[in-house]
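If you want the building blocks of each chain, they are given just below.
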Amino acid sequence: MKTLAIETSCDDTSLAIISYKNNFFNVEKCLLHSQIDKHRQYGWVVPELASRLHEEKIVDLIKEIWVNNIKKVDFISYTCCPGLPWSLLVWKTAANTLSLFLNKDKNPVYHIYWHIFSILAERNLNDINFPLLVLTVSGGHNDMYIVTKNKDKNIEEFQEKIIKNYSFNKENLVGQVGQFFVYKVWFTLDDAAWEAFDKVSKMLGGPYPWWKWISDKADLHNWNDENTFPRIWLKKDEFNFSFSGLKAQVNYKIQDLKKEYWEKLPENIVNKIAYEFQQATIETLWKKLLKASKFFNIQNIALVGWVSANRKLKQYINENKNKFDIKNFYTPVKNLYSTDNAAMIWIVGILQKL
């Protein structure tokens, strides 16, 4: 089985051709055009500019993959939501055009699902153990999901409490991808970790994209001499995430230090703040993930999304997982599969067809 995948939900234009054979998901070709240099001057993704750049690049990428290769696919997968509305319109137009021209079926894919199943890229499906507890850390979402092969009444009962306490709709908490059931069990109450990385980096004067810059700065400060910032646990039995308080504490600290250093913070102080902030975020993510693992008695965990490319976070979990009976810890095999690109869309597209 083979599919063409199209991704233009934000600021990267991406096409991929992926095949599935003998339970292995093989990335035959993945093209990615980044818009970072165009958006850097504005310090953020500009929606109007993003959609225009997608329009300019999508045809070039289709030509690069070549029509003869596209003809060999069984169907076309594309991101349906969430994303920037006008950017999403680009893939919809491209998918509809190719579908009509080549007489191929279209298969819409939910953005968060392809982050969840990105761990299958260049892996055998049988190498992943289920049930699986998945932490997604990317963009505006910082949530936890449980992926099972069978319906689980215990999880559904827990979700009823979520619906009652947080006014969620049932359809926002339960999904199905082929043979797998996806249960959303915890979520971000305000700022996600990725957003906090961006905002703290901007406070420190870092360039766009901020999340990578602050990780690089943190690597330059290699000792943990104090816990400068709080770990936000919320209530005693609270499983959700909140990083707005941590972000505020960092801001207060930076403002105090600017008075001391006459607005210009020394490089070693910037590195220290970046390190302490990153460490506070890492410990919070890990403790919440561990708490969920114990609560549901699930020994298989996964980390996906942009922050799953953070070397320190992966290292911290790997160093601690064996102490708490975590049997398997999965992350995407390449940092590429932590980001937004077409290589993950096809995985969900294929799973939906199996």
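The structure presented is a predicted model; accordingly, all values stated were derived computationally and were not measured.

A. Quick look at the overall build of the chain. Each helix and strand counted, the chain has 12 helices and 11 strands in total. Relative to the 2.2 N^0.38 estimate, which gives 20 Å for 354 residues, the radius of gyration of the chain is 21 Å and therefore close to what a compact globule would have. Overall, the chain is about 65 × 50 × 35 Å in size when its C-alpha atoms are taken along their principal axes. Counting over 354 residues, the chain shows a buried share of 56%. Considering only contacts within the chain whose residues lie at least 6 apart along the sequence, 74% involve residues at least 24 apart. In the chain, the 46 positive side-chain charges and the 39 negative ones have mean positions that sit 3 Å from each other.

B. Molecular detail of unusual backbone geometry. The amide bond that connects Phe 130 to the next residue, Pro 131, takes the cis arrangement and shows omega of 5°. Looking at the element boundaries, Pro 131 is found in the loop between α5 (111-116) and β6 (132-138). The backbone of Asn 22 shows a phi angle near 55°, a positive value even though the residue is not glycine. Relative to the helices and strands, Asn 22 resides in the loop between β2 (12-21) and β3 (24-34). Overall, Asn 22 belongs to the exposed group, its relative accessible area being 64%. Of note, Asn 297 is a non-glycine position whose phi angle comes to about 55°, a positive value. Looking at the element boundaries, Asn 297 is found in the loop between α10 (267-296) and β10 (300-304). We classify Asn 297 as exposed; its relative accessible area is 57%.

C. Up close: α10. Over its 30 residues, α10 extends 44 Å from the first C-alpha to the last, a length consistent with the 44 Å expected when each residue adds 1.5 Å. Within α10, 24 of the 30 residues are buried, which leaves the element mostly enclosed by the surrounding structure. Looking one or two residues past α10, Asn 297 carries a phi angle of roughly 55°, positive in sign.

D. Seen up close, the environment of Leu 120. Topologically, Leu 120 is positioned in the loop between α5 and β6. We classify Leu 120 as buried; its relative accessible area is 1%. Placed 95 residues apart in sequence, Leu 120 and Phe 25 show a C-alpha to C-alpha distance of 6.7 Å. Setting aside anything within four residues of it in sequence, one finds Leu 120 in contact with Phe 25, Leu 125, Ile 128, Ile 347 and Leu 351.

E. Looking closely at the packing of aromatic side chains. Taken as a whole and assessed by the stated rule, the structure comprises 12 aromatic pairs. Here the aromatic rings of Phe 158 and Trp 186 are separated by 5.4 Å at their centres, their planes lie at 65°, and the arrangement is edge-to-face. Of the two residues, Phe 158 is situated in helix α6 (residues 153-166) and Trp 186 in strand β9 (residues 180-186); the sequence distance between them amounts to 28 residues. Neither residue differs from the other here; Phe 158 and Trp 186 are each classed as buried. Pairwise contacts between aromatic rings join Phe 158, Trp 186, Phe 295 and Phe 296 into one cluster.

F. A look at the pattern of salt bridges. Scanning the entire structure with this criterion turns up 9 salt bridges. Residue Glu 122 pairs with Lys 334 through a salt bridge whose shortest N-O separation is 3.1 Å. Taken together, the residues Glu 122 in the loop between α5 and β6 and Lys 334 in the loop between β11 (328-330) and α12 (342-353) connect sequence positions 212 residues apart. Linked through salt bridges whose partners overlap, the residues forming this network are Asp 191, Lys 199 and Lys 247.

G. Layout of the pairing of strand β1 (residues 2-7). Across the 6 residues that make up β1, a large majority, 6, are buried. Along β1, one buried face is formed by Lys 2, Leu 4 and Ile 6 and the opposite face, lined by Thr 3, Ala 5 and Glu 7, is buried too. As defined by bridge partners, β1 adjoins β2 across 6 bridges and the pair is classed as antiparallel. Bridged to Ala 5 within β2 is Ala 16. Joining the antiparallel neighbours β1 and β2 is a turn of 4 residues.

H. Inspection of the sheet that holds β9 at higher detail. Strands sit in the order β8-β9-β7-β6-β10-β11 across an open sheet of 6 strands; the sheet is mixed. Edge positions in the sheet fall to β8 (174-177) and β11, since each has one partner strand and no second. Here the strands of the sheet are splayed against their neighbours by 25° on average, with no regard to which way each runs. Pairing of β10 with β11, which is carried by 3 bridges, proceeds in the parallel orientation. Residue pairing for β11: Ile 301 is matched across the bridge by Phe 329.

Definitions and limits used
- Residues numbered from 1 in each chain as written.
- Predicted model: local features only at pLDDT ≥ 70, side-chain atom pairs only at ≥ 80, totals over all residues.
- Heavy atoms only, no water.
- Helix = DSSP H or I, 4+ residues; strand = E, 2+ residues; numbered from the N terminus.
- Rg over C-alpha atoms; globule rule 2.2 N^0.38 Å.
- Buried < 20%, exposed > 50% of the residue type's maximum accessible area, 1.4 Å probe, protein only.
- Contact = heavy atoms within 4.5 Å.
- Lys, Arg positive; Asp, Glu negative; His and termini not counted.
- Charge placed at Lys NZ, Arg CZ, Asp CG, Glu CD.
- Expected span 1.5 Å × (residues − 1).
- Phe/Tyr/Trp six-rings, centres within 6.5 Å; stacked < 30°, edge-to-face > 60°.
- Salt bridge = Lys/Arg side-chain N within 4 Å of Asp/Glu carboxyl O.
- Pairing = 2+ DSSP bridges.
- Axes fitted to C-alpha atoms, helices over the stretch in contact; angles between N-to-C directions.

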